[in-house]
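Each chain, letter by letter, is given below.
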Amino acid sequence: MPEKTQPFHKKVFHNLKEYILTFRFSLRAFRLVWTTSRSLTLLLACLTLVAGVLPAGIAYVGKLIVDAVVAAAQSGVAADRQQALIYVGYEGVLVILMAATQKGIQVSQSLLRVLMAQKVNVMILEKALTLDLAYFEDSEFYDKMTRARREASSRPLSLITGVFGLVQNGITLLTYGGLLLQF
């Protein structure tokens, strides 16, 4: 039996509704990550901003390299060749900075993941201390609690990492757009 398909506008509304619900959970996840470590969260946000701007900076310096090489080829002056090499050095520094930024993001995420696992385990244990023994005799409840302990430390951070990734890609897109408008 063929599956009934929804009209396009209903699909869009449904997808938009799910998208908004995701951001509702993102705020709760962000609060959990923020209370776990403000300094690591700020570091992750700053590194995300830098990682969003760097690709456009690398592209702009690449344009300067091409312009300098063309100018050096036309003029044959040593100063123009040296200027092109200086731009290559700048681009090298930006590429190294980009790699360092990505590594910093990975390290920040790893440290946050460990700290969140510890915090969530403490929260679950504190809640468990308030429950009656009958709850622990229920295998379904115990499984849910174990699953929560296992997954609660990684899911909020994964959600925040996804949101930060969207922000980073948005910044990159905007900066590339700015460069294209400039050209």
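Residues numbered from 1 in each chain as written. Predicted model: local features only at pLDDT ≥ 70, side-chain atom pairs only at ≥ 80, totals over all residues. Heavy atoms only, no water.

Caption draft 1: Region of interest: the overall build of the chain. Secondary structure assignment for the chain yields six helices and zero strands. Its helices and strands in sequence order give the chain the pattern α-α-α-α-α-α, from N to C terminus. Here the chain, with 183 residues, has 27% of them falling under the buried criterion. Sequence-distant contacts in the chain: of pairs separated by 6 or more residues, those separated by 24 or more amount to 82%. (Helix = DSSP H or I, 4+ residues; strand = E, 2+ residues; numbered from the N terminus. Buried < 20%, exposed > 50% of the residue type's maximum accessible area, 1.4 Å probe, protein only. Contact = heavy atoms within 4.5 Å.)

Caption draft 2: Representation of the environment of Ala-71 in the model. Following the sequence through the fold, Ala-71 ends up in helix α2 (residues 38–75). Among all residues touching Ala-71, those that are not within four sequence positions of it are Gly-76 and Asp-80.

Caption draft 3: How the structure looks around the packing of aromatic side chains. The full count for this structure, using the stated rule, is two aromatic pairs. Relative to Trp-34, the ring of Phe-30 has its centre 6.1 Å away and its plane inclined at 20 degrees; by these criteria the two rings are stacked. Pair noted here: Phe-30 and Trp-34 are both in helix α1 (residues 8–36), with a separation of four residues, about one helical turn. Look at Trp-34 and you get partly exposed, because its relative accessible area is 26%. (Phe/Tyr/Trp six-rings, centres within 6.5 Å; stacked < 30°, edge-to-face > 60°.)

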